[in-house]
Every structure is written in structure tokens, then in C-alpha cells.
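Structural overview for review
Given next are the chains, with one letter for each unit.
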Amino acid sequence: MFNTRDGTEGEGCATMLDMTKLTDSEIKAALRDLPGWSLDKGKLHRDYKFADFIHAFGFMTTAALGIEKMNHHPEWFNVYNRVTVDLSTHDSNGITSKDVTLAKLLDATAKKLQ
Ligand code: H2B
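The rules behind these values
Residues numbered from 1 in each chain as written. Predicted model: local features only at pLDDT ≥ 70, side-chain atom pairs only at ≥ 80, totals over all residues. Heavy atoms only, no water. Axes fitted to C-alpha atoms, helices over the stretch in contact; angles between N-to-C directions. Helix = DSSP H or I, 4+ residues; strand = E, 2+ residues; numbered from the N terminus. Left-handed = near helix turned anticlockwise from the far one by under 90°. Contact = heavy atoms within 4.5 Å. Nonpolar A, V, L, I, M, F, W, Y, C, P; charged D, E, K, R; others polar. Pairing = 2+ DSSP bridges. Expected span 1.5 Å × (residues − 1). Buried < 20%, exposed > 50% of the residue type's maximum accessible area, 1.4 Å probe, protein only. Near = heavy atom within 4 Å. Polar contact = N/O pair within 3.5 Å; in protein donor to acceptor, adjacent residues only side chain to side chain. Areas by Shrake-Rupley, 256 points an atom, 1.4 Å probe, with all protein chains shown as cover.

We now examine the packing of helix α2 (residues 53-70) against helix α3 (residues 97-113). Running from amino to carboxyl end, α2 crosses α3 at an angle of 145°, the nearest separation of the two axes being 9 Å. As for how α2 packs across α3, the hand of that crossing is right-handed. Facing α2, whose interface residues are His55, Gly58, Phe59, Thr62, Ala63, Gly66, Ile67 and Met70, α3 presents Lys98, Thr101, Leu102, Leu105, Leu106, Thr109, Ala110 and Leu113. Class assignment of the residues belonging to the contact of α2 with α3 gives a composition of 9 nonpolar, 6 polar and 1 charged.

Alignment of strand β4 (residues 43-49) against strand β6 (residues 82-87), held across 6 bridges, turns out to be antiparallel. Directly across from Arg46, in β6, lies its bridge partner Val85. Inspection of the sheet shows strand β5 (residues 75-79) paired to β6 by 5 bridges, in the antiparallel sense. Looking at the pairing, Glu75 lines up with Asp86 of β6. The turn joining β5 and β6, which pair antiparallel and follow one another in sequence, is formed by 2 residues; a positive phi near 50° is taken by Tyr80.

Right, let's get into α3. An ideal rise of 1.5 Å per residue puts 24 Å on 17 residues; α3 measures up with 25 Å between its terminal C-alpha atoms. Turning to α3, its buried residues number three or more, namely Lys98, Asp99, Val100, Leu102, Ala103, Leu106, Asp107, Thr109 and Ala110. For α3, the secondary structure elements touched by its buried residues are α1 (24-32), β4, α2, β5 and β6.

This next bit is on the site of the ligand. All residues adjacent to the ligand are Asn71, His72, His73, Ser88, Thr89, His90 and Asp91. A distance of 2.8 Å is found between a nitrogen atom of the ligand and a backbone nitrogen or oxygen belonging to His73. Between the ligand and Asp91, the relevant distance is 2.8 Å, taken from an oxygen atom to a main-chain nitrogen or oxygen of the residue. Here the ligand, which alone exposes 390 Å², has 66% of that area covered by the protein. Looking at side-chain class alone, the shell around the ligand contains no nonpolar, 6 polar and 1 charged residues.

Strand order across the open sheet formed by 4 strands is β3-β4-β6-β5, with antiparallel pairing between neighbours. Looking along the sheet, the strands with just one partner apiece sit at the ends: β3 (38-40) and β5. Along the sheet, successive strands turn relative to each other by an average axial angle of 30°, direction set aside. Pairing analysis gives 3 bridges linking β3 to β4, with the strands arranged antiparallel. Residue Asp40 lies in a different strand from β4, and its bridge partner there is Lys43.

Encoded structure:
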């Protein structure tokens, strides 16, 4: 049993609610809580810069454990000390609360390494 968006209760997979595409205004509201992130080509986007490659790669390997636990994976691209991240939910063809949760996980991980 889980609570649906309209406040009623539904049967089934609790993560279904996480798979609901956020509306434009829900995305805007989420971004207010995610400094450094923007909406780019329909995805949550952020560029991280670290001291060097070891810190950038350490960020990726540390975050990988939580990412795998979430079973929600970023599109990311590393060049030396930079990691470019784009988040969307492929299965939902849009941005969902899973992307917002992942953005927060990545920020918390980066904070420890910056
Ligand atoms: N990651 C992202 N970003 N979006 C998804 O839709 C997604 C994922 N789906 N990781 C998961 C894996 C899905 O393919 C598996 C089968 O659960």
C-alpha cells in the first residue's frame, strides 16, 4: 500500500510514485533546493570541479555505492578534475523524484571531496 499523488492509497510497488514525472513547476521548486543545478535539455545538470583527477574519480567511486543501492544511474562524464552530470529517469522519459534524490546524494558526496 502506498499513497498516491491525490492522497488516496494504492496497491502495488511503492517505488511507482518515484517514477512519476515531475511537472515543470515541481522541477523549478526542486531546483530552488539544489544550488548549482540547472535544467538543461530536459535533465538536471551540474558541473563539478575537484582539485585533481584523484578527487574527481574518488567522487565517482564513492557515489557509485549509493547509486547502485538506489538502482538509479547518472549520465556523467569525467575529464581530469571535472565531472559533468545529467540526471533523468529513462524509464519515465523525464525527471522524477529519484533524480532529485540522486542530485542530493551526489552533492553530499562531492562536499566531502571538495
Ligand atoms: N537509471 C536512470 N537514470 N533511469 C532509469 O530509468 C533507470 C536507471 N532504470 N537505472 C533502471 C536502472 C532500470 O533500467 C533497471 C531495470 O531497474
